[in-house]
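# Summary of the model geometry
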Amino acid sequence: MDNRWVALSELPAKVKGLIADNGRNAVRGVIDAIYPAQMLDRDPHDPVNYAAPNEAMMLGGLSADTWGQIRFLSDEGCDMCARPLAGGIYLGAGGRCEGCTLKPFPFTRTRAACLYGEASKSLILPFKHADRTDMAPMFTQWIGRAAAELIADCDIIVPVPLHWSRLWSRRYNQAAEIARPLARQYDKDYLADGLRRVRPTIRQGSKVERERNLKAAFMVTLAGARRLRGRHVVLVDDVFTTGATVRACSKVLIAAGVRQIDVAVIARAASEADAGL
Ligand SMILES: [Zn+2]
């Protein structure tokens, strides 16, 4: 168990290096080797899984080690950006961090299921890059619990889109893999093609260049304009780092007449440096 945990904790560094060097097939090979698919399988001999299928689904078949190292978040952080506050101070409804007070986001609320740390990263990266869509039900359940109030209030759930070139190489949009079952589960409308990413993410360049690129990265489609006007949207993404992506999405949604936007993500990076994406 300990050895496996060491391998998991090393995963992000290996993934990052391999993305640069060898592309996605190599990444998938390494992840498959050190992070076997049966990790999420249920074990009928495990009395917890066997006796309590709902709890087993929550654990998702994760080892107790991994489960224990994920820091799940509740309402302890900023209402607007889900930034966890030091010491776990509870702000209460509507409480905002200093950053959101000085420069509010165009969306109203954010909920994150967990903190983006080594343990959650070791689950999210394979989900993003290595065809581990089998993890989607687990993440859907996490977000469903963390963002229950937001989802109950909304009319329609929209995933943050990928650029077509990335969708082509990954074959699926990880945000959509969560947003779609979430909408089904909560009996909400779902719109996969309302937002379009018209510029791919750039990882090189200065922060200013990356932000400028992101500002013009999204547009609302004709179908989106028809179905989103006047409605309350929950925007779903995997990781909230600086909020620049969901900010850019929200601006075009508001320009298209969306009434309110809330954001639901798997994980919140406590700082940009922690994200390591
Ligand atoms: Zn905030």
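Source: prediction; values computed, not measured.

### Some words on the overall build of the protein
Scanning the protein from terminus to terminus reveals 15 helices and 7 strands. Taken over 277 residues, the protein has a buried fraction of 35%.

### Some words on the packing of helix 8 (residues 136-146) against helix 11 (residues 174-185)
Two elements in contact, helix 8 and helix 11, have axes whose closest approach is 9 Å; the angle formed by their N-to-C orientations is 60°. Between helix 8 and helix 11, the angle is such that the two are oblique. For the element pair helix 8 and helix 11, the recorded crossing hand is right-handed. Across the interface between the two elements, Ala-136, Pro-137, Phe-139, Thr-140, Ile-143 and Gly-144 of helix 8 pack against Glu-177, Ile-178, Pro-181, Leu-182 and Gln-185 of helix 11. Each residue belonging to the contact of helix 8 with helix 11 can be placed in one class, and the counts come to 7 nonpolar, 3 polar and 1 charged.

### What about the sheet that holds strand 6 (residues 232-240)?
Sheet architecture is open: 5 strands sit in the order 1-7-6-2-3, paired in parallel fashion. Lying at the two open borders of the sheet, with one neighbouring strand each, are strand 1 (109-115) and strand 3 (189-190). Judged from the 2 bridges that link them, strand 2 (residues 156-159) and strand 3 form a sheet pairing that is parallel. Its bridge partner lying in strand 3, Ile-157 is registered against Tyr-190. Contacts from helix 8 reach strand 1 and strand 7 (260-268), with the element oriented near 130° to strand 1. Of the strands in this sheet, strand 6 and strand 7 are in contact with helix 14 (residues 244-255), which crosses strand 6 at around 160°.

### Points about unusual backbone geometry
The phi torsion at Arg-171 lies on the positive side, around 80°, for a residue other than glycine. Position of Arg-171 relative to the elements: it lies in the loop between helix 10 (164-170) and helix 11. Look at Arg-171 and you get exposed, because 10 C-beta atoms sit within 10 Å. Unusually for a residue other than glycine, Asp-187 sits at a positive phi of about 55°. Looking at the secondary structure, you find Asp-187 in the loop between helix 11 and strand 3.

### Quick look at helix 7 (residues 118-129)
An α-helix turns once per 3.6 residues; consequently, residues spaced three or four apart project the same way. When the terminal C-alpha atoms of helix 7 are compared, their 16 Å separation across 12 residues agrees well with the 16 Å that a helix rising 1.5 Å per residue should span. Backbone geometry just after helix 7 places Asp-131 at a positive phi near 60°.

### A word on the nonpolar core
Ranked by size, the top nonpolar core spans 60 residues in total, and within it Ile-143, Val-234, Leu-235, Val-236 and Ile-266 carry the most contacts. Ignoring anything within four residues of it in the chain, the contact list for Ile-266 reads Ala-113, Cys-114, Ile-124, Phe-139, Trp-142, Ile-143, Asp-238 and Val-239.

So, how was this worked out
- Residues numbered from 1 in each chain as written.
- Predicted model: local features only at pLDDT ≥ 70, side-chain atom pairs only at ≥ 80, totals over all residues.
- Helix = DSSP H or I, 4+ residues; strand = E, 2+ residues; numbered from the N terminus.
- Buried ≥ 20, exposed ≤ 12 C-beta atoms within 10 Å, placed from the backbone.
- Axes fitted to C-alpha atoms, helices over the stretch in contact; angles between N-to-C directions.
- Parallel < 35°, antiparallel > 145°, perpendicular 65-115°, else oblique.
- Left-handed = near helix turned anticlockwise from the far one by under 90°.
- Contact = placed C-beta atoms within 7 Å.
- Nonpolar A, V, L, I, M, F, W, Y, C, P; charged D, E, K, R; others polar.
- Pairing = 2+ DSSP bridges.
- Expected span 1.5 Å × (residues − 1).
- Core = buried A, V, L, I, M, F, W, Y, C linked by C-beta atoms within 7 Å.

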